[in-house]
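Coordinates in review
The residues making up each chain are set out below.
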Amino acid sequence: MQKFNISFLPDKKKVFITEEVNLLQAAAEAGILVKGSCGGDGTCGRCKVIIKEGNYTTKQTGKLTKEQLAGGYVLACQTTAESDLVVEVPEASRLSEHQVLLEEETVGEAVSQTSVDPLFKKIKVELPEPSLTDSMDDIERLKMAVRKETGIENLRVSLNTVSNIPGILRKEKWKVTVSLADVLGYTEIAAVESGWDYQKYYGLAIDIGTTTIVVNLVDLESGQTIAQKGSYNQQAVYGDDIISRIVHATEEKNGMEDLRNAVLKSLNELISQLASENHIDINVINYAVCAGNTTMVHLFLGIDPKYIRLEPYTPAINIPEPIRAEEVGLQICKTAWVYCIPGIASYVGGDITSGAQVIGIDKTEKVTLFIDVGTNGEMVLGNQDWLMACACSAGPAFEGGGIKCGMRAMRGAIERLDVISDTLDVEYSTVGGAKPVGVCGSGLIDCIAGMHKAGIIDRTGQFSSNLTNQRIRNGDDGPEYVIVSKENSGNGQDIALSEVDIKNLIRSKGAVFAGIRTMLRKMDLPIEIIEEIIIAGGFGRHISIKDAISIGLLPDAEFEKYKYIGNSSVKGAKMVLLSKTARDEAVQLATKMTYLELSIGNDFMDEYVSALFIPHTDMTLFPSLSE
Ligand code: FES
């Protein structure tokens, strides 16, 4: 098999690859992250690169314009080398180092739990000195003292700890600091230090999202979040959604390792930045709690995810045991434990359990609806007496995916927007007050609502043929509405929403509403029964409930019933990290939820088709809109 040198510009990075490796894979190998939204299928057109020198073969594609073809553009995933190559990766094709919108208020926030009882802690104990009449062995003596101090019965000691124990116990006259790690079912004496002076110790609360990853560094003694960092999930080079990643993991050679390494790299980079910026050694990070959807947890732990996407959709594991950080590959204290919050089913994972726990859905009398308006569209309905969960596969539209001008709620994203009915002009605000570069979920919702109200689009999302305005024009994908012209945008490009984008968004909102209705139908309950609606998701901070109702994304309920809680997944991970009780409750909560498989029967499909209108085919479901 022939091998070729590929050099990437402007990075000046080189890789040596065999003829069968495509340029998308080659770039990944070189550490250059190229957008691979479709996972290398050749359908998304996002992995464009320019061949500067050399011979290659590439498959024909409709994703490149004539000018691009003439300029040497190819789709990286569809191109292999026939000689050494020089390849330029344009900025637009890169997974940009985007900043995840973090919730600053959680940093430094005191814990709401009255007492911090973390999964890892250090305690001071003084052992009774041995004598001729009390010659109990050192370990038993230590365990007895810890038991007396904490009331913990099931204690275990690793061989590692036992090996140096005699000297450590005697060094400071039987005064020692003992590290205790809770390992589901027993407590491990993880370390023993002589004396009572000890270093601070930390834990991590982690949200492994399909698109973004957020890590909180938590002081385990005070319960305070010291710092928080987020970034994109580097698995995105293998596809935007979980299905394309499962396909990559199970069908490509080394696919599983690719995905595991990508998520570990994302996490370890964040952890090392957090540690160095806060001047702490990674070895004092002693416990990590992760919340992620079922596929993310499988890929993170290196568990085969193949059957998640095949009927009858069974994951390998819903309730993982704690695992050593070293075994997982997380670069923190080697003997630290990593615990993943349990999931419910293939498409409703630990991130949802985590969120459901934060809102205390299993402790309230109120019938509560909890929705994560993201790609998987998971939702939980119920209260202390019953709980049901489902995933409606809303698609990434509200996270900005599949929408030309769409983006996550990052700096420069339009997060609020008003269409002025008579002039069809736009008023907007952006994240961070920066010049606009795209529109995030909340802005997209406002935009459709405004366009519909102004008569630009009809109830099916089609553009009206009898409106003329300079903002409405014909673009590459048919009619489109220009929100911000290139002269006023932050990236020199027009920000416009096309009919294709709008139909995509309508499908997403239809799926969410249909999911809600299907769960209610299953329980034979009317929509009015819902007393509280809690929304999580990657929107901006300013989702307009009014607009979300007016497009038929959310039920027509009084605004007071609504609450937006941001990244509930990482909040739940922190709760579990800081409380054994919360950890036990999370396990119970996951097992209590009944999973509703939406692909069985016709209910969901019927509901979905009826929801493909603005707001719905059945206007009686939206009484406030016809008033
Ligand atoms: S077209 Fe290459 S990754 Fe989608």
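In case you missed it, the structure is sitting above this.
Here goes a summary of the coordinates provided. (Residues numbered from 1 in each chain as written. Predicted model: local features only at pLDDT ≥ 70, side-chain atom pairs only at ≥ 80, totals over all residues. Heavy atoms only, no water.)

**Comments concerning the pattern of salt bridges**
A complete count under the given rule lists 30 salt bridges for this structure. Asp11 serves as the salt-bridge partner of Arg94, at 2.7 Å between the closest nitrogen and oxygen. Residue Arg94 is located in the loop between strand S7 (85-88) and strand S8 (120-126), and its partner Asp11 is located in the loop between strand S1 (3-9) and strand S2 (13-18); the two are separated by 83 residues in the primary sequence. On the accessibility criterion, Arg94 (14% relative accessible area) is buried. Classification of Asp11 as partly exposed rests on a relative accessible area of 27%. Here Arg583 and Asp182 are joined by a salt bridge, their closest N and O atoms 2.6 Å apart. Linking Arg583 in helix H15 (residues 580-592) with Asp182 in strand S10 (residues 175-182), this pair joins segments that are 401 residues apart in sequence. With relative accessibility at 4%, the residue Arg583 sits in the buried group. A residue is classified by how much of its surface remains accessible, and Asp182, at 7% relative accessible area, is buried. Bridged by salt links that share partners, the residues Arg517, Arg521, Asp603, Asp606 and Glu607 form one connected network. (Salt bridge = Lys/Arg side-chain N within 4 Å of Asp/Glu carboxyl O. Helix = DSSP H or I, 4+ residues; strand = E, 2+ residues; numbered from the N terminus. Buried < 20%, exposed > 50% of the residue type's maximum accessible area, 1.4 Å probe, protein only.)

**Some points on the packing of aromatic side chains**
By the definition in use, this model includes five aromatic pairs. Ring plane angle 65° and centroid distance 5.6 Å describe the contact between Phe120 and Tyr201, whose orientation is recorded as edge-to-face. Linking Phe120 in strand S8 with Tyr201 in the loop between strand S11 (187-194) and strand S12 (202-208), this pair joins segments that are 81 residues apart in sequence. Judged by relative accessible area, Phe120 falls into the buried class, the value being 3%. When its relative accessible area of 3% is taken as the criterion, Tyr201 is described as buried. (Phe/Tyr/Trp six-rings, centres within 6.5 Å; stacked < 30°, edge-to-face > 60°.)

**Observations regarding the side chain of His298**
Its location among the elements puts His298 in helix H8 (residues 294-301). We classify His298 as buried; its relative accessible area is 0%.

**Section: the state of the cysteines**
What the rule picks out here adds up to zero disulfides. Counting only cysteine sulfurs, Cys290 is the nearest neighbor of Cys340, a cysteine outside any disulfide, at a range of 4.6 Å. No disulfide involves Cys405; its sulfur sits 7.2 Å from that of Cys447, the nearest cysteine. Note on Cys405: relative accessible area 8%, which makes it buried. (Disulfide = S-S within 2.5 Å.)

**A short note on unusual backbone geometry**
With an omega of -5°, the peptide bond running from Leu9 to Pro10 counts as cis. Following the sequence through the fold, Pro10 ends up in the loop between S1 and S2. In this structure, the amide linkage connecting Glu311 to the following residue, Pro312, adopts the cis form with an omega of -5°. Relative to the assigned elements, Pro312 resides in the loop between H8 and strand S16 (323-324). Although it is not a glycine, Lys173 adopts a positive phi angle of roughly 55°. Phi is positive for Tyr313, close to 55°, though the residue is something other than glycine. Its place among the elements puts Tyr313 in the loop between H8 and S16. Exposure remark for Tyr313: the relative accessible area of 23% places this residue in the partly exposed category.

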